[in-house]
Amino acid sequence: SAKKLHAFLQRTYPGCRIQCAYEAGYCGFWVYDQLEELGMTTTVVHPADVPTTDKERRFKEDVRDSRKLAIALRAGLLKGIYVPPLQQRLDRSLVRQRYRTHGNTQRTQRRIRGHLHFHGVALEDIKAKRGWTNARITMLEGLAERTGDAGLTLLLSTLRQQQQMDREVLKQLSQLCQEDRLAMEVHLLRSIPGVGLLTALVFLVEVGDVRRFTWDQLHAYCGLIPGSRSAGETDIKTRMTKRGNTYLRTALVLSSWMAIRLDAAMLKAYERLCKRMKGQKAIIRIAKKQANRMRSVLINQKRFTPQTLELCG
């Protein structure tokens, strides 16, 4: 309880100036909100940015971690992360729910395939339309009823519930993009080839105010830059760093694959890159260009046109 902590500190150290720090994690930012409301200056830090030792990594406990944070805070070694406004956090939760529901649906579909394969039934042998259509699910339900397969019946029931949830989330996202605070920016972003409704929403709710980033900072935040190991004259670039926003990276890469199909300029850049690197690496460069386009469109508040390329680099 933030109130109990505040009361304890005021009682034990009357008249003191309080500074707090905690690691970003599953609890989100509600702790930050409550502590700031009580007048306690609070810093939320990335867990990987807290100075630590090998011993502290191997022997973790709350007391040790708290003392480590307090010492680093007193020494001025902690750099806080950006705390998004409450409305942006709510929008993020809705958009991220789309990935969770879609992932659950796909997981259940794979389980159904595995269940059928275990019992010697191939989906290709069942005459139905391609994909997990209502006709295919109904046919599988009939198969489960005829064979008395209760396990398959439960899996199909779960699939229907998850598909319904997926449709409900998409409905909510459609309503979100029509709200006045997002409608114009979504419209501008969707003028870029390869950017659809979901990609536009992911970019807006994850980035927030795009003006707080330069191009290079935006690439780093999206997780589109490689790691590096430098020593002396040796400078080795490793694979893409795990730091960065996973949702943004996924959305931008998928959007880039679509962009090279729809935009001649992107296709030409991709083909030029493929002459000196693999396609999977080339598409990361295209994703950076796509992020530049999205940033430029939002800053200039103009729809994407071929002339916009000069502003995107």
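It should be noted that the structure appears before, not after, this text.
Predicted model only: the values in this text are computed from it and were never measured.

K.L.:
Outline the pattern of salt bridges, supporting the account with residue identities and numerical values.
P.N.:
Counted under the stated rule, the structure contains 14 salt bridges. Note that Lys 60 and Asp 65 form a salt bridge whose closest N and O atoms lie 2.9 Å from each other. Its relative accessible area of 14% is what places Asp 65 among the buried residues. Residues joined by salt bridges that share partners form a network here, namely Asp 54, Arg 57 and Arg 58.

K.L.:
Provide a residue-level description of the pairing of strand β1 (residues 19–23), including the pertinent values.
P.N.:
Side chains Cys 20 and Tyr 22 project from β1 onto a buried face, and the interleaved Gln 19, Ala 21 and Glu 23 project onto a face without burial. Bridge analysis of β1 against strand β2 (residues 41–45) gives five bridges, and the strand direction is parallel. Across the sheet, Glu 23 pairs through a bridge with Val 45, a residue of β2. Following the chain from β1 across helix α2 (residues 30–37) to the adjacent parallel β2, one finds a crossover that is right-handed.

K.L.:
Lay out the state of the cysteines with the relevant residues and their values.
P.N.:
Taken as a whole and assessed by the stated rule, the structure comprises zero disulfides. The structure places no disulfide on Cys 27, whose sulfur is separated from the nearest cysteine sulfur, that of Cys 20, by 13 Å.

K.L.:
Talk me through the packing of helix α11 (residues 246–262) against helix α13 (residues 279–300); I want residue IDs and the actual numbers.
P.N.:
Two numbers describe how α11 lies on α13: the axes approach to 8 Å, and their chain directions differ by 95 degrees. With respect to α13, the axis of α11 lies roughly perpendicular. Within the contact between the two elements, α11 uses Leu 252, Val 253, Ser 255, Ser 256, Trp 257, Ala 259 and Ile 260 and α13 uses Gly 279, Ile 283, Ile 284, Ile 286, Ala 287, Gln 290, Ala 291 and Met 294. Along the lines of polarity and charge, the residues of the contact of α11 with α13 split into 11 nonpolar, four polar and no charged.

The rules behind each value
- Residues numbered from 1 in each chain as written.
- Predicted model: local features only at pLDDT ≥ 70, side-chain atom pairs only at ≥ 80, totals over all residues.
- Heavy atoms only, no water.
- Salt bridge = Lys/Arg side-chain N within 4 Å of Asp/Glu carboxyl O.
- Buried < 20%, exposed > 50% of the residue type's maximum accessible area, 1.4 Å probe, protein only.
- Helix = DSSP H or I, 4+ residues; strand = E, 2+ residues; numbered from the N terminus.
- Pairing = 2+ DSSP bridges.
- Right-handed = clockwise from strand over helix to strand, strands pointing away.
- Disulfide = S-S within 2.5 Å.
- Axes fitted to C-alpha atoms, helices over the stretch in contact; angles between N-to-C directions.
- Parallel < 35°, antiparallel > 145°, perpendicular 65-115°, else oblique.
- Contact = heavy atoms within 4.5 Å.
- Nonpolar A, V, L, I, M, F, W, Y, C, P; charged D, E, K, R; others polar.

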